[in-house]
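These are the residues of each chain, in order.
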Amino acid sequence: MADPLKRLAEGAQGILRRSLTSLELDLFDKYLRLLLKWQKSQRLIGSAEPHWIVDKLLLDSLLFLEVLPRPLRTLLDLGSGAGLPGIPLKIILGEVELVLVESRQKRVSFLSSAIRELGLEHARVLARRVEDAIEELQSGFDAVVMRCAGDPGAFMTVAARLVVRPGGVVVASGPPRPRPLPIGEWITVEAGRGRPLRRFAVFRNS
């Protein structure tokens, strides 16, 4: 898988403004292999093509770093699915405490396996719908992230209840054409050479 990893390393350097460490690259390699393995029997993601996964999922997840606050101590990934963007962000942020919220059992099984096989510390899966876990999660997070295939506006208000500290944020990737948001604003991020601009719905807790 040398070529996809080279593509990942080059793309990540443009986003992070530094090279991936050998540990980070090794973790991404393990994560990519795990996605491909599970994709054979469980349709977790949209394609099993490694370069597509690198471009559309892994590098796209790292773009969240452009709008996340630092330092980041606690991170919640809502509707995590195959661990995106939470696991790529955890690989880069290291010590951040990560909670992956996912209600679909097959994806919960994958997420648990990924945390175990990548040896991710301070990371756990909550196998619930977020609407059913509000009270449990209201201890508060520095940031809540979501990858949304459609309109993220419906989730922004719920997610904002889980961000309590001043400066905390909700960040949701959205459709190519932004729609009006109930709270927050749209922010456009450069996605790198040859890649389209990426739009994020962002709510900042004041």
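A. Looking closely at the layout of surface pockets. Taken as a whole, the largest pocket encloses approximately 890 Å³ of empty space. Lining the largest pocket are 32 residues; nearest its centre among them are Arg-147, Cys-148, Ala-149, Ser-173 and Arg-198. Mapped onto the lining of the largest pocket, the elements with two or more residues apiece are α3 (50–62), β4 (143–147) and β7 (198–204). Counting residues per element, the lining of the largest pocket draws most heavily on α3, which supplies three residues.

B. Just the nonpolar core, in detail. By size, the foremost hydrophobic cluster in this structure holds 54 residues, and its most contacted members are Leu-68, Ile-87, Phe-110 and Val-171. A per-element tally of this core places helix α2 (residues 22–39) first, with eight residues. Counting residues in hydrophobic clusters, the runner-up holds 23 residues, among them Val-99, Phe-141, Leu-162 and Phe-203.

C. Layout of the sheet that holds strand β1 (residues 74–78). Spatially, β3-β2-β1-β4-β5-β7-β6 is the arrangement adopted by the seven strands of the open sheet, whose pairing is mixed. The open sheet has two edge strands, β3 (123–126) and β6 (185–189), and neither has a second partner. The average undirected angle you get between the axes of adjacent strands in this sheet is 25 degrees. Of the pairings in the sheet, the one linking β1 to strand β2 (residues 97–101) comprises five bridges and is parallel in character. Residue Leu-76 lies in a different strand from β2, and its bridge partner there is Val-99.

D. Quick look at the environment of Leu-58. Here Leu-58 shows up in helix α3. Setting aside anything within four residues of it in sequence, one finds Leu-58 in contact with Leu-8, Phe-28, Tyr-31, Ile-53, Leu-84 and Pro-88.

E. Structural context of the pattern of salt bridges. Applying the stated criterion across every chain, the model contains 13 salt bridges. The salt bridge involving Arg-18 is made with Glu-24; its shortest N-O contact spans 2.9 Å. For Arg-18, a relative accessible area of 31% corresponds to the partly exposed category. Under the relative-accessibility criterion, Glu-24 is labelled buried at 7%. What you see here is one network of salt bridges that share partners, running through Asp-60, Arg-147 and Arg-198.

Criteria and cut-off values
Position numbers for residues start from 1 in each chain and track the written sequence from start to end. The predicted origin of the model limits local features to residues at a pLDDT of at least 70 and limits the giving and counting of side-chain atom pairs to 80 or more, whereas totals for whole chains, interfaces and linings rest on all residues. With hydrogens and water set aside, each side-chain value is computed from the structure's full complement of heavy atoms. Cavity means a closed set of points on a 1 Å grid over the protein atoms alone, one where a 1.4 Å probe fits but cannot get out, pocket means an open set with protein on both sides within 12 Å along at least 5 of 7 lines, and lining means a residue has an atom within 4 Å of a point. Grid points are joined across faces, edges and corners, and a volume is the space filled by probe spheres set on the points. Numbering of helices and strands runs from the N terminus; a helix is a DSSP stretch of H or I covering at least four residues, while a strand is a stretch of E covering at least two. Only buried residues count toward a nonpolar core. Its members are Ala, Val, Leu, Ile, Met, Phe, Trp, Tyr and Cys residues joined through side-chain atoms within 4.5 Å. The cut-offs for exposure are 20% and 50% of the maximum accessible area for each residue type, with area from a 1.4 Å probe on protein chains only; residues under the lower value are buried, those over the upper are exposed, and the others partly exposed. Two strands qualify as a pair provided that DSSP identifies no fewer than 2 bridges between them. Only the stretch in contact is used when fitting a helix axis, every axis being a line fitted to C-alpha atoms; angles between N-to-C directions are given from 0 to 180 degrees. By definition in these notes, contact holds between two residues if any of their heavy atoms fall within 4.5 Å. Basic side-chain nitrogens of Lys or Arg form a salt bridge, by our definition, when they fall within 4 Å of a carboxyl oxygen of Asp or Glu.

From the geometry alone we can't say anything about function, so treat these as descriptive.
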